[in-house]
Amino acid sequence: MSRIGALIARETTLAWGRGGGPLVAVGFYAGVATFLPLAIGPEPERLRAIAPGAAWVALALASLLSLERMFERDYEDGALDLLALSQTPLEITCLIKCLGQWLATGAPLALAAPVAAIALGASPSLAPMIFACALMGGIAFSFMGGIGAALSLGARRGGLLTAVIVLPLFVPPVIFGGGALDAFANGLPWTSGFAFLGAYAASALAFGPLAMAAACRNALS
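Residues numbered from 1 in each chain as written. Predicted model: local features only at pLDDT ≥ 70, side-chain atom pairs only at ≥ 80, totals over all residues. Heavy atoms only, no water.

Colleague: Just give me the short version of the overall build of the protein chain, but keep the residues and values in it.
Modeller: Each helix and strand counted, the protein chain has 9 helices and 0 strands in total. Element order for the protein chain, N to C, with α for helix and β for strand: α-α-α-α-α-α-α-α-α. Against the globule reference of 17 Å for 221 residues, the protein chain gives a C-alpha radius of gyration of 18 Å, in line with a compact fold. Taken over the C-alpha atoms alone, the protein chain extends approximately 55 × 35 × 30 Å along its principal axes. When burial is assessed residue by residue, the protein chain has 46% of its 221 residues classed as buried. A separation threshold of at least 6 residues defines the contact pool for the protein chain, and within that pool the share at least 24 residues apart is 80%. As presented, the protein chain carries roughly 10,300 Å² of accessible surface, and 71% of it is formed by carbon and sulfur atoms. Across the protein chain, the 11 positively charged side chains and the 11 negatively charged ones have centroids separated by 3 Å. (Helix = DSSP H or I, 4+ residues; strand = E, 2+ residues; numbered from the N terminus. Rg over C-alpha atoms; globule rule 2.2 N^0.38 Å. Buried < 20%, exposed > 50% of the residue type's maximum accessible area, 1.4 Å probe, protein only. Contact = heavy atoms within 4.5 Å. Areas by Shrake-Rupley, 256 points an atom, 1.4 Å probe, with all protein chains shown as cover. Lys, Arg positive; Asp, Glu negative; His and termini not counted. Charge placed at Lys NZ, Arg CZ, Asp CG, Glu CD.)

Colleague: A description of helix α7 (residues 127–151) should follow, citing residues and the corresponding values.
Modeller: Along its 25 residues, α7 runs 35 Å from first to last C-alpha, staying within 8% of the 36 Å computed at 1.5 Å per residue. Among the 25 residues that make up α7, 18 are buried, leaving the element largely enclosed by the rest of the structure. (Expected span 1.5 Å × (residues − 1).)

Colleague: Mind laying out the environment of Gly5, listing which residues take part and the relevant values?
Modeller: Within the secondary structure, Gly5 is located in helix α1 (residues 2–17). By relative accessible area, which is 37% here, Gly5 ends up partly exposed. For the pair Gly5 and Ile96, spaced 91 residues apart in sequence, the C-alpha separation works out to 9.9 Å.

Colleague: Please provide a residue-by-residue account of the layout of surface pockets, values included.
Modeller: In this approach, a probe sized like a water molecule rolls over the atoms, and the result shows the empty space that is left. Within this model, the largest pocket holds a volume of roughly 210 Å³. Looking at the largest pocket, it is lined by 14 residues, and the ones nearest its centre are Arg48, Ala49, Pro52, Asp182 and Ala185. When residues of the lining of the largest pocket are traced back to their parent elements, those giving at least two are α3 (44–63) and α8 (158–185). Here the lining of the largest pocket gets 6 residues from one element, more than from any other, and that element is α3. A per-class count over the lining of the largest pocket returns 6 nonpolar, 5 polar and 3 charged. (1 Å grid on protein atoms, 1.4 Å probe; cavity = no way out; pocket = protein on both sides within 12 Å on 5 of 7 lines; lining within 4 Å. Points joined across faces, edges and corners; volume = space filled by probe spheres on them. Nonpolar A, V, L, I, M, F, W, Y, C, P; charged D, E, K, R; others polar.)

Colleague: Pulling in residues and values, what's your account of the pattern of salt bridges?
Modeller: Summed over the entire model, instances satisfying the criterion amount to 2 salt bridges. The closest approach of N and O atoms between Lys97 and Asp74, which form a salt bridge, is 2.5 Å. Of this pair, Lys97 sits in helix α6 (residues 90–119) while Asp74 sits in helix α4 (residues 69–77), and the two are 23 residues apart along the sequence. Classification of Asp74 as buried rests on a relative accessible area of 2%. Notably, a salt bridge pairs Glu91 with Arg217, separated by 3.1 Å at the nearest N-O pair. Residue Glu91 is found in helix α6, and its partner Arg217 is found in helix α9 (residues 191–220); the two are separated by 126 residues along the sequence. On the basis of relative accessible area, Glu91 is assigned to the partly exposed category, the value being 22%. (Salt bridge = Lys/Arg side-chain N within 4 Å of Asp/Glu carboxyl O.)

This is how it looks when you write it as structure tokens:
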């Protein structure tokens, strides 16, 4: 347990300081929320209609910013070799890496999501639902993004490759989360979309570390 605790502390510290930690992701998120009215016009009704969906798209894109360095830094300095040879299973290490990344970017973005959506014209009554969906969506983005980051290890222009791999995996959470929010805002049944989002996040949490560990072993071999 002491090894697990030390690994959690290490990965959380690295994720928090990697590339500016949450500041870059939240800054990007705020930038999207600021520029969107300039692009489509300031009409409140138009902004209110697209606010939940726009917040979800911005959340997915902001989640991409920190994925490239999730494994790359350890791969370059040899720390990943030591982690693979340690007594802690590599799958657990990958799980902890993704949790650290989620704490550094996913959780702050989930806190920023209701603020951005309300700033774009969404009803304040949607704030708890937006936060809950963004929190679960952030878990899915972190663990699915970790798969892309592991698969692109050692490749040139790894950041671009990570985005190409990961963006299709980000589509289901955006669809389920955006659908649940839209249904909730219009007084329609929303639990099915929310349940699908939770199931996708749980699947990413369960199977993502297995795929990441396999990709890391392949890169190290």
